[in-house]
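Inside the fold
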Amino acid sequence: MQLGHALLAALKDHGAEVIFGIPGDFALPFFKVIEESGILPLYTLSHEPGVGFAADAVARVNCSLGVAAVTYGAGAFNLVNAIAGACAERSPVVVISGAPGTAERASGLLLHHQAKTLDSQFRVFREITCDQARLDDPERAPAEISRVLRSALDQSMPVYLELPRDKVTAECEAVAKTPPGPVPTDALAECAAEVLARIATARTPVLMAGVEIRRYGIEDKVAELAGRLGLPIVTSFMGRGLFAGSNAHLAGTYLGVAGQPEITDLIEQSDGLLLLGVILSDTNFGVSRRQIDLRHAIQALGRQVQIGYHVYPDIALDALVDAMLARAPDAVANKTNGTVAAEYPAGLVADGAPITPTDIARAVNDMMRAQGPMPIAADVGDCLFTAMDIEHTQLVAPGYYAGMGFGVPGGLGIQAATGLRPLILVGDGAFQMTGWEIGNCRRYDWDPIVMVFNNASWGMLRVFQPESRFNDLDDWHFAELAEPLGGIGERVTIRAELKSALDRAVATRGRFYLIEIMLERGALSNTLTRYAARLKRGQGSSAE
Ligand code: TPW
Ligand code: MG
């Protein structure tokens, strides 16, 4: 078997379903194998950041490996930010970079795309991935591929493989799958029993669910566990979209001061907060009205469980949930803590009034109630806060790392991975970054609905610093770009136009549909309004 083939077969065997990439001369031989073998479909985009975001979205929606294939140096360095985001948010993206062949490495010449040394790229990616290998020895390569892919799945983190161009056709063995490591049975049993005992003695226990639950594909088990323990479920900000389509009893999403007060109280007043797979980020917790004392919480994340002042190492989240299920009572426990339910705005009035972000949420909620749910990819900016007012549906967004430019390529990743038509929510500033990728839809028959929140600003930044004129952006008339890029575009300024444009978008399949929604500068979503009010109060008190 040839190494390129062995690698592709191993990716497929470990759950990868699609590859996003952009070739270069160091990667051409591998791309040839990708295309000609047909083992996994290849989607090329226009700029590597889009490749990284799309591969990340694939990993998130499929609960499996995403794959980003690029060329050495100029290609791979363009991917760094997207992979840093995947690292921060625990998304298992496999980076495969072409590289100079062994003889070239020894030529003594500086090679094109070389940044500093020939190993600079490897070292950069070592910082933002959990395992790496250079596949320059066909004898060792199968074992290295196996180890690296196992690491990606076990740790739910990105990994890095460098494939020298002269090794793609080298003969090697097939890649054997590395079995998961042994489960520390006794520690796991003690840990699960201790967690259950804590919950049993708490007056108001609550389960907060975070993204890692989805990475391990255990949403159904967690929902069952919560049901059997009588725990209300709240998602973290980043975990928004978890349990979409399941019949889990969801109270809502914790947004601290920026959220619905009942849900904020539920979390902040709980004496038994069980955090499953919740990343302890400022975006998840920095918004709290009262500092949550995490010492009283139970935290399971990144293969460790922390209870009070002690830690159980090496306990994977899926193993913990299984062990708790094995010990949990069958019937619903008699707790009275689960009555909160989030409310979402709906019923858009189709009149001549200017559009606000909340109107966009209303329009989307009305549409999904009528047509059924659509998966959403959201960018950073007020569009992501607006998504908090949209009913629970699958959502991928960089809620913690907050890298702009994720939305459009993330949506393409959703459609490539699932075949479902996505809804993409993106600001004008973020659309300026990666919006061009929408031009790749025609080649692949993708037809997302793209809602551009055009407030001619870096609006979020204006919230932090209203006096700065540099936050004013120009009006680019994005809707007019749609036609030559292979889609349909409409620009809407009043609520009646928003409704009819969305109706037409839903009715039109086969081409992307871009709705450019003109918003007044300074018009904010409910969530961002609450957050901004809090920010002002905070700044006021620190100045006193
Ligand atoms: C890659 C910093 C966070 S929010 C924001 C910036 C520049 C403005 C977003 O403007 P947009 O949305 O898209 O028009 P809205 O609703 O605020 O008007 N560079 C990167 N990522 C981040 N997060 C920034 C800069 C930032
Ligand atoms: Mg904007």
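Note that the structure is predicted; figures quoted are calculated from it, not measured.

1. What to know about the overall build of the protein
Helices and strands together make up the secondary structure of the protein, namely 22 helices and 19 strands. Its C-alpha atoms give the protein principal-axis dimensions of roughly 65 × 65 × 50 Å. Looking at the protein as a whole, 58% of its 544 residues are labelled buried. As displayed, the protein offers around 21400 Å² of accessible surface, 53% of which is attributable to carbon and sulfur atoms. When the 46 basic and 62 acidic side-chain charges of the protein are each reduced to a single mean position, those positions are 2 Å apart.

2. Quick notes on the coordination of the magnesium ion (ligand 2)
Summarising the metal site, the magnesium ion (ligand 2) is bound by the protein donors D428 (OD), N455 (OD1) and S457 (O), whose distances to it range over 2.0 to 2.1 Å. The motif formed by the donor residues of the magnesium ion (ligand 2), counted along the single chain, is D-x26-N-x1-S. Considered together, N455 and S457 belong to a single accessibility category, that of buried residues.

3. Quick look at the pairing of strand 7 (residues 205–209)
Two faces belong to every sheet, and in a regular strand the side chains alternate between them. Of all the five residues making up strand 7, five are buried; the element is thus mostly covered by neighbouring parts of the structure. On strand 7, burial covers both faces: P205, L207 and A209 on one face and V206 and M208 on the other are all buried. Inspection of the sheet shows strand 7 paired to strand 10 (residues 272–276) by five bridges, in the parallel sense. Paired with L207 across the strands is L274, a residue of strand 10. Sheet analysis places strand 7 next to strand 8 (residues 233–235), joined by three bridges and oriented parallel.

4. Some words on the site of ligand 1
Near ligand 1, the surroundings consist of 15 residues, among which A402, D428, G429, G459 and M460 are the closest. Between ligand 1 and the protein, one listed contact pairs an oxygen atom with a backbone N or O atom of S457 at 2.9 Å. In the model, an oxygen atom of ligand 1 is placed 2.7 Å from a nitrogen or oxygen of the G459 main chain. The protein chains hide 78% of the 590 Å² of surface that ligand 1 would expose on its own. Only helix 18 (428–434) and helix 20 (459–464) provide two or more residues apiece to the shell around ligand 1. In terms of residues, the shell around ligand 1 owes the most to one element, helix 18, which gives four residues.

5. Section: the pattern of salt bridges
Tallied over the entire structure, the rule returns 32 salt bridges. Of the charged contacts, one joins R140 and D137 as a salt bridge, the two residues approaching to 3.4 Å between their closest N and O atoms. For D447, the salt bridge goes to R509, with nearest N and O atoms at 2.6 Å. Of the two residues, D447 sits in the loop between helix 19 (441–444) and strand 17 (449–454) while R509 sits in the loop between helix 21 (495–507) and strand 19 (513–518), which places them 62 residues apart along the sequence. The class of R509 is exposed, set by a relative accessible area of 52%.

6. Quick notes on the side chain of S64
Summarising the element assignment, S64 is placed in the loop between helix 3 (48–62) and strand 3 (66–70). Owing to a relative accessible area of 9%, S64 belongs among the buried residues under this scheme. Residues within four places of S64 in sequence aside, it is in contact with H14, G15, A16, A59 and P92.

7. Regarding the pairing of strand 4 (residues 93–99)
In terms of burial, strand 4 is largely enclosed, as seven of its seven residues are buried. Here strand 4 shows no split at all, with V93, V95, S97 and A99 on one side and V94, I96 and G98 on the other all buried.

8. A word on the nonpolar core
Of all hydrophobic cores here, the largest spans 52 residues; its most connected members are F20, W446 and L514. A total of seven residues in this core trace back to one element, the largest contributor, which is helix 3. Looking at this core, you find at least three residues from each of domain 1 (3–167) and domain 3 (357–538). If you look at the next biggest cluster of nonpolar residues, it comprises 42 residues, including A258, V463, A505 and V506.

9. Overview of the side chain of N62
Turning to its location among the elements, N62 is positioned in helix 3. By relative accessible area, N62 is classed as buried at 18%. With residues up to four places along the chain from it excluded, the contact list for N62 reads E17, A417 and T418.

10. Describing the domain arrangement of the protein
Taken domain by domain, the protein consists of domain 1 (3–167), domain 2 (185–327) and domain 3 (357–538). Computed from C-alpha coordinates alone, the two centres of domain 2 and domain 3 are separated by 30 Å. Taken together, the contacts link 22 residues of domain 2 with 16 residues of domain 3. Between domain 2 and domain 3, the buried area comes to about 1500 Å², and carbon and sulfur atoms account for 67% of it. Its largest share of buried area at the contact with domain 3, domain 2 owes to F237, R240 and A258, together 40% of the area lost on that side. The interface formed by domain 2 and domain 3 includes zero salt bridges. The tally of links from domain 2 across to domain 3 stands at four residue pairs in polar contact (both at pLDDT 80 or more). Looking at the side of domain 2 that touches domain 3, the elements with two or more residues in it are strand 9 (250–253) and helix 13 (282–285).

Cut-offs applied
- Residues numbered from 1 in each chain as written.
- Chains lettered and ligands numbered in written order.
- Predicted model: local features only at pLDDT ≥ 70, side-chain atom pairs only at ≥ 80, totals over all residues.
- Heavy atoms only, no water.
- Helix = DSSP H or I, 4+ residues; strand = E, 2+ residues; numbered from the N terminus.
- Buried < 20%, exposed > 50% of the residue type's maximum accessible area, 1.4 Å probe, protein only.
- Areas by Shrake-Rupley, 256 points an atom, 1.4 Å probe, with all protein chains shown as cover.
- Lys, Arg positive; Asp, Glu negative; His and termini not counted.
- Charge placed at Lys NZ, Arg CZ, Asp CG, Glu CD.
- Donors = N, O, S within 2.8 Å, 3.2 Å for Na, K, Ca; no water.
- Pairing = 2+ DSSP bridges.
- Near = heavy atom within 4 Å.
- Polar contact = N/O pair within 3.5 Å; in protein donor to acceptor, adjacent residues only side chain to side chain.
- Salt bridge = Lys/Arg side-chain N within 4 Å of Asp/Glu carboxyl O.
- Contact = heavy atoms within 4.5 Å.
- Core = buried A, V, L, I, M, F, W, Y, C linked by side-chain atoms within 4.5 Å.
- Domains from an automatic or database assignment.
- Buried area = accessible area lost by both parts, 1.4 Å probe.

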